[in-house]
Amino acid sequence: MKPNIKILATGGTIAGSAKLSTTTTGYKAGALGIDSLINAVPEIHEFANVTGEQICSIDSKDITDEIWLTLAKRINEIFSRDEADGIVITHGTDTLEETAYFLNLTVHSDKPVVLTGAMRPATAISSDGSINLLNAVRVAVNKNSFGKGVLVALNDEINSAREVMKTNTLTVSTFRNFEFGLLGCINDGTPEFYRTSTRRHTSNSEFDIDGLTELPRVKIIYGHAGDDEIFIDAAINAGVKGIVYAGMGNGSIHANAEKFLARATDQGIVVIRSSRCSGGSVIPAEKSYVDENFLDGDNLSPHKARILLQLALTKTTDRSEIQRMFNQY
Ligand code: SIN
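Residues numbered from 1 in each chain as written. Predicted model: local features only at pLDDT ≥ 70, side-chain atom pairs only at ≥ 80, totals over all residues. Heavy atoms only, no water.

Draft legend 1. Summary view of the overall build of the protein chain. For the protein chain, the helix and strand inventory stands at nine helices and 14 strands. In terms of overall dimensions, the protein chain is globule-like: its C-alpha atoms have a radius of gyration of 20 Å, near the 20 Å expected for 329 residues. Within the protein chain, buried positions represent 53% of all 329 residues. Nonlocal contacts in the protein chain, meaning residues at least 24 apart in sequence, comprise 72% of its contacts between residues at least 6 apart. With the model as given, the accessible surface of the protein chain reaches about 13900 Å², and the carbon-plus-sulfur share is 48%. (Helix = DSSP H or I, 4+ residues; strand = E, 2+ residues; numbered from the N terminus. Rg over C-alpha atoms; globule rule 2.2 N^0.38 Å. Buried < 20%, exposed > 50% of the residue type's maximum accessible area, 1.4 Å probe, protein only. Contact = heavy atoms within 4.5 Å. Areas by Shrake-Rupley, 256 points an atom, 1.4 Å probe, with all protein chains shown as cover.)

Written as structure tokens, this is what we have:
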């Protein structure tokens, strides 16, 4: 019997439509519905009983916490009602890694959840959408995909939601993880896994979004030469609950910004040090950072650290507990 796979569509370039087959920018993302995407790849029916559902039709730069909550709740509902053996999500590539990490922390199932997308619109010559959708279904039905956390499958490669990053604005080989590499690849249509991501996820996650209609407000502030207090003051005045400082190197903070971030922690705002670097961990450094109660963001990108801090703040404001979460997820 073939497995049941649900495809949840959210828009993006994989559903993008342009006037010319040579156009790969300036098109309308999210123009095509889920039925068009499924009909374009009849081969997926060889592997699964496929049904589709349209969650939203957006350019993923416009993703919101509300859409994340809707998506995570719907996935948990599908699995708890045993409506599918695995889920594929079609998504714009611009924020795909953020949605993947959010779901990695909030879906409570070992069943496969696989995100895919495309860098070239559906109407382009050599569009990557159809093969990526077919391969995502192949990954979702593969028994080795169970228990691996939320997966990202594009360009014949399988990455972990926690580690993957969009690294190139245009090329189809954009999803990478410079430090740890791929989880696996899709060899002539067959998914092969070579390693796992060891951090807590999905069925082993403590985060529960069932009763939530919104997430705590957390902003990212990007450190730079000549930095100052302007954005930190604005964040404090806006009443944010957390700040992720994308610092230099090992999460280092410009002296002109540090005293204002310390003011934020004095007011109960949780401050995470992360890094502008695309690899490496942020670990304890200056004594002043410890004295000022800044927490260490490990090797999460600033935008993934923001998601973990949002979810952490739904459970606690205790800084040692939040640091534990950053050490575990
Ligand atoms: C988007 O993220 O929705 C547009 C870009 C893309 O999907 O590649």
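Draft legend 2. Structural context of empty space enclosed by the protein. Under the criterion given, the structure shown has three cavities of 30 Å³ or more. Empty space within the largest cavity amounts to approximately 260 Å³. As for the largest cavity, its lining consists of 20 residues, and the residues nearest its centre are M165, S278, N299, L300 and S301. Residues lining the lining of the largest cavity come from more than one domain, with at least three contributed by each of domain 1 (4-204) and domain 2 (218-328). Here the second largest cavity is characterised by a volume of approximately 40 Å³. Lining the second largest cavity we find S109, D110, K111, P112, V113, S145, G147, K148, G149, V150 and T202. (1 Å grid on protein atoms, 1.4 Å probe; cavity = no way out; pocket = protein on both sides within 12 Å on 5 of 7 lines; lining within 4 Å. Points joined across faces, edges and corners; volume = space filled by probe spheres on them. Domains from an automatic or database assignment.)

Draft legend 3. Spotlight on the site of the ligand. As a structural note, the neighbourhood of the ligand is formed by G12, T13, D59, S60, G92, T93, D94 and A118. Taking S60, its side chain carries an N or O atom lying 2.6 Å from an oxygen atom of the ligand. Here the ligand loses 93% of its free accessible area of 250 Å² to cover by the protein chains. Given that more than half its atoms are within 2 Å of the pocket grid, the ligand belongs to the largest pocket. Tallied by class, residues from the shell around the ligand come to one nonpolar, five polar and two charged. (Near = heavy atom within 4 Å. Polar contact = N/O pair within 3.5 Å; in protein donor to acceptor, adjacent residues only side chain to side chain. Sits in = over half its atoms within 2 Å of the grid points. Nonpolar A, V, L, I, M, F, W, Y, C, P; charged D, E, K, R; others polar.)

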